[in-house]
Amino acid sequence: MEEVKLMKGNEAMAEAAIRSGVDAYFGYPITPQSEVIEYLMHEEPFKRTGMVVLQAESELAAINMVYGAAACGKKAMTSSSSPGISLKLEGISYMAGAELPCLIANVMRGGPGLGTIQPGQSDYFQAVKGGGHGDYNLIVLAPSTVQEMADFVNLGFDLAFKYRNPVMILSDGAIGQMMEKVTLPKQKERLSNEEIIKRYGSWATTGKPESRERNIITSLNLKSELQEIHNQHLQNKFKTAEKNEVRYEQIQCEDADYILVAYGTSARISQKVVQLGREKGLKLGLLRPITLWPFPKKIISELADHTKGFLSVEMSAGQMIEDVLLAVEGKAPVAHFGRMGGMIPSPSEVLDAVEKEINKILK
Amino acid sequence: MMTTAVITPEEIIKKGKIVFEKTKLMNDCTLSYCPGCGHGVAHRLVMEVVDEMGIEQDTIGVAPVGCSVLAYEFMNIDMQQAAHGRAPAVATGIKRVFPEKYVFTYQGDGDLAAIGTAETIHACNRGENIVIIFVNNGIYGMTGGQMAPTTLPGMKSSTSPYGRVVETMGYPLKITEMVATLPGVAYATRQAVHTAKLVTKTKKAIIKAFQNQKDKKGTSIIEIVSNCNSGWKMTPVESNKWLDENMLAYFPLGDIKK
Ligand SMILES: Cc1ncc(C[n+]2csc(CCOP(=O)(O)OP(=O)(O)O)c2C)c(N)n1
Ligand code: SF4
Ligand SMILES: [Mg+2]
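These numbers were taken from a predicted model, which means no experiment stands behind them.

K.L.:
How should I be thinking about the overall build of chain B in this particular structure?
P.N.:
Regarding its fold elements, chain B presents eleven helices and nine strands. Each principal axis of the C-alpha distribution contributes one length, and for chain B these read about 70 × 50 × 30 Å.

Right, dumping it as structure tokens:
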């Protein structure tokens, strides 16, 4: 049964994991996302659905537990916040190399280093440009509501298994901590071992019956020729995802003279900025990427044909702006506005920045 | 003049006379190990036990980073390759979602006792119901003979070219003794495979470890003190002698916890 509840983003994601039929969660506490494992341990899904929940000794261990479980064809996930994601990157790169589906949530805080426990968006490069070593991409989903924190669990696993690739939910401390109304999905049953063998038996290590060759999960190729073929295979997969999986939301972009590009918490603030601007007679719009990778290049390029300028609003020194610049292809000026260190910009300061940029263009 | 009786090949390999056959679960391929290396024997023993227990359809192995990184090429069962040191965490993930399967890791001393120390200790501390095969050759074989956490005091390696200086490089780590103190560990033993007698004993230990897993007793760890003739820069025969005289003096054989 669907259920409407008032929940924190982190809790909504945890509950959605249980309801999406996830087989295992492995995590390690870190603010601002510890509620995920706390909620799961409190709910005891091992009794409800048989879902495994385990507190690992580190993020390194947690992601490698995900590796082991995912390689068995199971739905496995982990979550963390910025410093913990840095530790997970080794495992993430291995999983991309070994073509393992899994879900990783990063409830970002400000960095670098131990940084702050307040919300940040400064892990964009890490999530979208690889982060770990080697040529790979993650499919990156950016929720901006508690509802999306819940919805992207199921979507994330669908995409992860469709492409046999890790998927990341790139959230931030504000979305993780805020409470909102959320419609929780119906309980999905976890797949039986027989069903897993039927669906993923061609690659998953489920135990080798006499009827098939052994399944090997590895990211190693000692022969460069073979590794390059594997790389090409991965790249083809990423190209397909780029073609098919772009998701975004447009808010009042149709008649907009000036467009803000923002995701997550920054998108919520920017939506308010659009409203305030319009009240002042400025025709503003918001393009909200839902997938940060693949990035909604095409729509931004199209909008650039009849827009006077873009402002990339991020809680970082300016990371996504690089992708906006590439998408705009010099057709319009692109500026950045951001706060760092866990500071969340107010709508009025963003609006000031917008007005300044518009004045520059008019001059 | 003496006449010799002619024996046909058929007679030689007549059933009943066979004392040893190629291990069924070892693939027909060339091992990547140096001639004289103990890794191959250790592989064979694990596969013999899995075969004899009839659990090959339910066994998932985890290969490490080290000379045995390609163990999955040699063993004819489902296998996963793990990042350097992470095999116990990977095995935990497998065992937790497939509690009815048999799961083992196969790791070197650098893998298990240096970069993977945390994963090893915590998997053991949780009493993960898995088997850990730990091949201790006192060196980083794969990367060309660098110092390992288990390198003996005074022992030369490419990163301790004048011998391991314990004051600055620390002492060899007896990690099997360490994890044997943990309640989660059901069985901890140290074995070797450089003589026929020891091979038989090691096999018995591996059988016991898999039996423990069947009986859900917790973690079983089998350390196999082995040679690395290439890394030690010795002939295989010299290396086995050196192992006997030096390695076993520091790492005595026998059960540490049963
Ligand atoms: C993260 C990481 N660091 C370093 C290496 C390089 N490396 C490969 S094998 C190895 C040492 C393996 O030694 P050991 O575990 O003792 O296995 P052996 O080869 O002796 O059997 C090292 C350092 C690596 N692959 N990954
Ligand atoms: S380098 Fe050492 S451990 Fe590796 S295969 Fe050769 S002898 Fe064995
Ligand atoms: Mg070694």
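We are not done yet, so read on.
K.L.:
What's the story with the domain arrangement of chain A in this structure? I'm lost.
P.N.:
A common way to state how big an interface is: give the accessible area lost once the parts meet. All names here are of chain A. Along its sequence, chain A is carved into domain 1 (4-183) and domain 2 (248-362). Spacing between the C-alpha centres of domain 1 and domain 2 amounts to 27 Å. Contact between domain 1 and domain 2 buries roughly 2100 Å² in total, counting both sides, with carbon and sulfur atoms accounting for 53%. For domain 1, the biggest contributors to the area lost against domain 2 are Gln121, Tyr124 and Phe125; these three give 33% of the whole. Applying the counting criterion to the domain 1 and domain 2 interface returns three salt bridges. For the salt bridge of glutamate 148 with arginine 288, the shortest nitrogen-to-oxygen distance reads 2.8 Å. If you look at where domain 1 meets domain 2, you find 16 residue pairs in polar contact (both at pLDDT 80 or more). Class assignment of the residues belonging to the side of domain 1 that touches domain 2 gives a composition of 16 nonpolar, nine polar and five charged.

K.L.:
So what exactly am I meant to see when it comes to the interface of chain A and chain B here?
P.N.:
Contacts between the two partners involve 33 residues from chain A and, on the opposite side, 34 residues from chain B. Summed over both sides, the interface between chain A and chain B buries roughly 2800 Å², with carbon and sulfur atoms accounting for 57% of that surface. On the chain A side of the interface with chain B, the three residues burying the most area are Glu57, Lys208 and Arg214 of chain A, jointly 21% of the side's total. Put simply, chain A and chain B have four salt bridges between them. Of the charged contacts in the structure, one is a salt bridge between glutamate 57 of chain A and arginine 126 of chain B, with a shortest N-O distance of 2.8 Å. Scanning the region where chain A abuts chain B turns up 19 residue pairs in polar contact (both at pLDDT 80 or more). Elements with a minimum of two residues in the side of chain A that touches chain B: β2 (24-27), β3 (52-55), α4 (59-70), α5 (82-98) and β9 (216-217) of chain A.

K.L.:
Looking at this structure, how should I read the site of ligand 1?
P.N.:
Residues and elements named next belong to chain B. Ligand 1 sits among 16 residues. The nearest are Cys67, Asp109, Gly110, Asp111 and Gly141. A distance of 2.9 Å is found between an oxygen atom of ligand 1 and a side-chain nitrogen or oxygen belonging to histidine 39. Here an oxygen atom of ligand 1 and a backbone polar atom of glycine 110 are 2.9 Å apart. For ligand 1, whose accessible area on its own is 590 Å², the fraction buried by protein is 76%. Elements represented by at least two residues in the shell around ligand 1 include exactly α5 (109-115) and β5 (139-140). Sorting elements by how many residues they give to the shell around ligand 1 places α5 first, with four residues.

K.L.:
Looking at this model, I keep getting lost on the confidence of the model for chain B. Mind explaining?
P.N.:
Detailed reading of the predicted coordinates is not advisable wherever pLDDT falls low. Averaged over all residues, the pLDDT of chain B equals 96, while 97% of them reach at least 70. Taken over the whole predicted complex, pTM reads 0.96, whereas the ipTM for its chain interfaces reads 0.97.

K.L.:
Could you clarify how one ought to interpret the coordination of the magnesium ion (ligand 3) in this entry?
P.N.:
Ideal donor angles around a metal are set by the shape: a four-donor tetrahedron calls for 109.5 degrees, a six-donor octahedron for 90 or 180 degrees. Residue and element names in this part refer to chain B. At this site the magnesium ion (ligand 3) is bound by Asp109 (OD), Asn137 (OD1) and Ile139 (O), with donor distances of 2.0 to 2.1 Å. If you list the donors of the magnesium ion (ligand 3) from N- to C-terminus, the spacing comes out as D-x27-N-x1-I. Of this pair, aspartate 109 sits in helix α5 while isoleucine 139 sits in strand β5, and the two are 30 residues apart along the sequence. One exposure class covers both aspartate 109 and isoleucine 139, and it is buried.

K.L.:
Hey, could you run me through the pattern of salt bridges in this one?
P.N.:
Two side chains that carry opposite charge are able to pair once their charged atoms sit near each other. Residues and elements named next belong to chain A. The full count for this structure, using the stated rule, is 42 salt bridges over all chains. The partner of lysine 47 in a salt bridge is glutamate 44, and the shortest N-O contact between them spans 3.0 Å. For lysine 47, a relative accessible area of 63% corresponds to the exposed category. Salt bridges sharing common partners tie together Glu3, Glu15, Arg19, Glu43 and Arg48.

K.L.:
Which parts of the structure should I look at to understand helix α2 (residues 39-52) of chain B?
P.N.:
Side chains that are three or four residues apart share a direction in an α-helix, a result of its 3.6 residues per turn. Residues and elements named next belong to chain B. A rise of 1.5 Å per residue sets the reference length of α2, with its 14 residues, at 20 Å; its end C-alpha atoms lie 20 Å apart and thus fit the reference within 8%. α2 sits mainly inside the fold: ten of its 14 residues count as buried. Downstream of α2 by a residue or two, glycine 54 has a phi angle that is positive, lying close to 65 degrees.

K.L.:
I keep staring at the sheet that holds strand β12 (residues 284-289) of chain A and nothing clicks. Help me out?
P.N.:
Consider a sheet: its strands pair through backbone hydrogen bonds, and that pairing is either parallel or antiparallel. Residue and element names in this part refer to chain A. The strand order β10-β12-β11-β14-β15 describes an open sheet built from five strands, whose pairing is mixed. On the outer flanks of this sheet lie β10 (248-251) and β15 (334-338), each paired with one strand and no other. With direction set aside, neighbouring strand axes in the sheet form an average angle of 20 degrees. Of the pairings in the sheet, the one linking strand β11 (residues 258-261) to β12 comprises four bridges and is parallel in character.

K.L.:
What is the right way to read the site of ligand 2 from this model?
P.N.:
Residues in contact with ligand 2, as listed here, are Tyr33, Cys34, Cys37, His39, Cys67, Asn137, Gly141, Cys228, Asn229 and Ser230 of chain B. Broken down by class, the residue content of the shell around ligand 2 amounts to five nonpolar, five polar and no charged.

K.L.:
Before we go on, may I ask you to explain unusual backbone geometry in this structure?
P.N.:
As a rule of thumb, non-glycine residues mostly have phi less than zero, and peptide bonds are mostly trans rather than cis. Residues and elements named next belong to chain A. Residue proline 32 is bonded to the preceding threonine 31 through a cis peptide linkage, with omega at 5 degrees. Structurally, proline 32 is set in the loop between β2 and α2 (35-43). Cis geometry is found at the peptide bond from glycine 111 to proline 112, where omega equals 0 degrees. In this fold, proline 112 is placed in the loop between β5 (102-108) and α6 (124-128).

K.L.:
Whenever I open this one, the packing of helix α1 (residues 9-19) of chain A against helix α7 (residues 146-163) of chain A confuses me. Can you help?
P.N.:
Describing two packed helices takes the angle between their axes plus the distance from one axis to the other. All names here are of chain A. Contact geometry for α1 and α7: axes closest at 8 Å, N-to-C directions at 25 degrees. When the axis of α1 is compared with that of α7, the two are roughly parallel. Two packed elements cross with a definite hand, and for α1 against α7 that hand is right-handed. Contacts between α1 and α7 involve Gly9, Asn10, Ala12, Met13, Ala16 and Ala17 from the former and Val146, Met149, Ala150 and Val153 from the latter. Residues belonging to the contact of α1 with α7 are distributed by class as follows: eight nonpolar, two polar and no charged.

K.L.:
Any chance you could explain the environment of glycine 173 of chain A here in plain terms?
P.N.:
Mapped onto the fold, glycine 173 of chain A is located in helix α8 (residues 173-177). Discounting chain neighbours no more than four positions away, the residues touching glycine 173 of chain A are Pro32, Val107, Met108 and Pro119 of chain A.

K.L.:
How do you make sense of the side chain of aspartate 123 of chain A when you look at a structure like this?
P.N.:
Residue and element names in this part refer to chain A. As for its placement among the helices and strands, aspartate 123 is situated in the loop between β5 and α6. Notably, aspartate 123 is buried but unbridged: the nearest opposite-charge side chain belongs to arginine 109, and the N-O separation is 8.1 Å. Contact partners of aspartate 123, with chain neighbours within four places excluded, come to Ser82, Asn106, Met108 and Gln319.

K.L.:
Would you take a moment to explain the packing of aromatic side chains for this structure?
P.N.:
Pairs of aromatic rings are described using the distance from one ring centre to the other and the angle between the two planes. Residue and element names in this part refer to chain B. Counting across every chain of the model gives nine aromatic pairs over all chains. Here the aromatic rings of phenylalanine 104 and phenylalanine 210 are separated by 6.1 Å at their centres, their planes lie at 65 degrees, and the arrangement is edge-to-face. Note that phenylalanine 104 is positioned in strand β3 (residues 102-108) and phenylalanine 210 in helix α9 (residues 196-214), a separation of 106 residues in sequence. With a relative accessible area of 0%, phenylalanine 210 lands in the buried category. Residue placement shows lysine 101 over the ring face of phenylalanine 98; its charged tip is 5.2 Å from the ring centre.

The rules behind each value
- Numbering of residues starts from 1 in every chain and runs along the sequence as written.
- As they are written, the chains are lettered A onward and the ligands numbered 1 onward, keeping that order.
- In keeping with the predicted nature of the model, local features appear solely for residues at pLDDT of at least 70, side-chain atom pairs appear and are counted solely at 80 or more, and the whole-chain, interface and lining totals rest on all residues.
- Each side-chain value is worked out from all heavy atoms of the structure, with water and hydrogens disregarded.
- Secondary structure elements are defined from DSSP: runs of H or I of at least 4 residues count as helices, runs of E of at least 2 residues count as strands, and each element is numbered from the N terminus.
- Domain delimitation in this document rests on an assignment produced automatically or drawn from a domain database.
- Once two parts are brought into contact, the accessible area they lose, counted with a 1.4 Å probe and summed over both, makes up the buried area.
- We define a salt bridge as a side-chain nitrogen of Lys or Arg found within 4 Å of a carboxyl oxygen belonging to Asp or Glu.
- Side-chain atoms alone can form a polar contact between residues adjacent in sequence; in general such a contact is a pair of N or O atoms within 3.5 Å, and within protein one must be able to donate a hydrogen while the other accepts it.
- In this classification, Asp, Glu, Lys and Arg are treated as charged, Ala, Val, Leu, Ile, Met, Phe, Trp, Tyr, Cys and Pro as nonpolar, and every other residue, Gly included, as polar.
- By definition in these notes, contact holds between two residues if any of their heavy atoms fall within 4.5 Å.
- Throughout, the term near means that a residue has one or more heavy atoms lying within 4 Å of the molecule or strand in question.
- The Shrake-Rupley method, run with a 1.4 Å probe, gives the accessible areas here. Residue values count only the displayed protein chains as cover.
- Residue-level confidence of the predictor is what pLDDT reports, using numbers from 0 through 100.
- For Na, K and Ca the donor cutoff is 3.2 Å, while for all other metals N, O and S atoms must lie within 2.8 Å; water is not among the atoms, so some sites may look incomplete.
- Here the term buried applies to any residue with accessible area under 20% of the maximum for its type, exposed to any over 50%, and partly exposed to those in between, with areas from a 1.4 Å probe on protein chains only.
- One fewer than the residue count of a helix, multiplied by 1.5 Å, yields its expected span.
- Any two strands with at least two DSSP bridges between them are considered paired.
- Each axis is a line fitted through C-alpha atoms, and for a helix only the stretch in contact is used; angles between axes span 0 to 180 degrees, taken between their N-to-C directions.
- Oblique is the label for every angle not falling under 35 degrees (roughly parallel), over 145 degrees (roughly antiparallel), or within 65 to 115 degrees (roughly perpendicular).
- The handedness criterion is simple: a crossing whose near helix is rotated anticlockwise from the far helix by less than a right angle is left-handed, and one whose near helix is rotated clockwise is right-handed.
- Charge assignment in this entry is limited to Lys and Arg as positive and Asp and Glu as negative, and neither His nor the chain termini are counted.
- For Phe, Tyr and Trp, rings pair up if their centres lie within 6.5 Å, where Trp contributes its six-membered ring, and each pair is then called stacked (planes under 30 degrees apart), edge-to-face (over 60) or tilted (otherwise).
- Ring-over charges, as used throughout, are those where CZ of Arg or NZ of Lys falls within 6 Å of the ring centre and within 35 degrees of the ring normal.

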